[in-house]
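Architecture at a glance
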Amino acid sequence: IKSFLSPGPLQQLAEMEHRGVTVSLPALVPLMKSRRAVNTCAWCIKHQRYCEHPRAKIHQGSPACTDMGQMGDRAGIDGSTMQDFATWCALRRALKEPFTLLEESDAFKEETIELMLGDTHLIEGGVLDSLDFGFADR
């Protein structure tokens, strides 16, 4: 997902890591809220070139649960996958899909998504349990 980052933010991330700065989610907020944080072009398999990413009516996605899930490292917003999550949020800001559904562990705090997208998106939280859909629980 980092391939969507623009050269400026990509260089800033590399500099932060080189200086030994913990690249936690709060440190990424100003970088990812920049209008030029991400490119909206990606390699297109169909056309064999870079094409503009289409804007969907509905985007459904999920960041890696490594940092939040019970079976992950539980590092939270300081975890290793938060850079990917922040990039995902920057893409949502750039593409402005009318509806985005984020799926994540119930340990994922609503404040985390509010931090990244609360100024541009209406955030509604909820927890769905597999039992609600007739599946056995772990």
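To be clear, the structure that these remarks concern was listed above.
Residues numbered from 1 in each chain as written. Predicted model: local features only at pLDDT ≥ 70, side-chain atom pairs only at ≥ 80, totals over all residues. Heavy atoms only, no water.

1. Section: the packing of helix α2 (residues 25–32) against helix α3 (residues 82–95)
- In contact at an axis separation of 10 Å, α2 and α3 are set at 30° when each is read in the N-to-C sense. The pairing of α2 with α3 is recorded here as roughly parallel in orientation. When the axes of α2 and α3 are compared, the crossing they make is right-handed. Here Leu25, Leu28 and Met32 of α2 lie close against α3, whose contacting residues are Met82, Gln83, Phe85, Ala86, Thr87, Ala90 and Arg93.
- Per-class residue counts for the contact of α2 with α3 are seven nonpolar, two polar and one charged. (Axes fitted to C-alpha atoms, helices over the stretch in contact; angles between N-to-C directions. Helix = DSSP H or I, 4+ residues; strand = E, 2+ residues; numbered from the N terminus. Parallel < 35°, antiparallel > 145°, perpendicular 65-115°, else oblique. Left-handed = near helix turned anticlockwise from the far one by under 90°. Contact = heavy atoms within 4.5 Å. Nonpolar A, V, L, I, M, F, W, Y, C, P; charged D, E, K, R; others polar.)

2. So, the state of the cysteines
- On inspection of all chains with the given rule, the structure shows zero disulfides.
- Note on cysteine 44: no disulfide assigned, nearest cysteine sulfur contributed by cysteine 51 at a separation of 3.8 Å.
- Overall, the relative accessible area of 15% leaves cysteine 44 in the buried class. (Disulfide = S-S within 2.5 Å. Buried < 20%, exposed > 50% of the residue type's maximum accessible area, 1.4 Å probe, protein only.)

3. Observations concerning the nonpolar core
- In this structure, Leu28, Met32, Phe85, Cys89, Ile113 and Met116 are the most contacted members of the largest nonpolar core, which totals 25 residues.
- Put simply, the parts of the chain that give this core at least two residues each are α1 (7–18), α2, α3 and α4 (110–117).
- In terms of residues, this core owes the most to one element, α3, which gives seven residues.
- Those residues in contact with methionine 32, other than ones at most four positions away along the chain, are Leu5, Ala37, Ala86, Thr87, Ala90, Arg93 and Met116. (Core = buried A, V, L, I, M, F, W, Y, C linked by side-chain atoms within 4.5 Å.)

4. Focus on unusual backbone geometry
- Located in the positive-phi region is glutamine 48, a residue other than glycine, with phi close to 55°.
- For glutamine 48, the position within the fold is in the loop between β1 (41–44) and β2 (49–52).
- One non-glycine residue, lysine 96, lies in positive phi territory at about 50°.
- The topology assignment puts lysine 96 in the loop between α3 and β4 (99–102).
- By relative accessible area, which is 56% here, lysine 96 ends up exposed.

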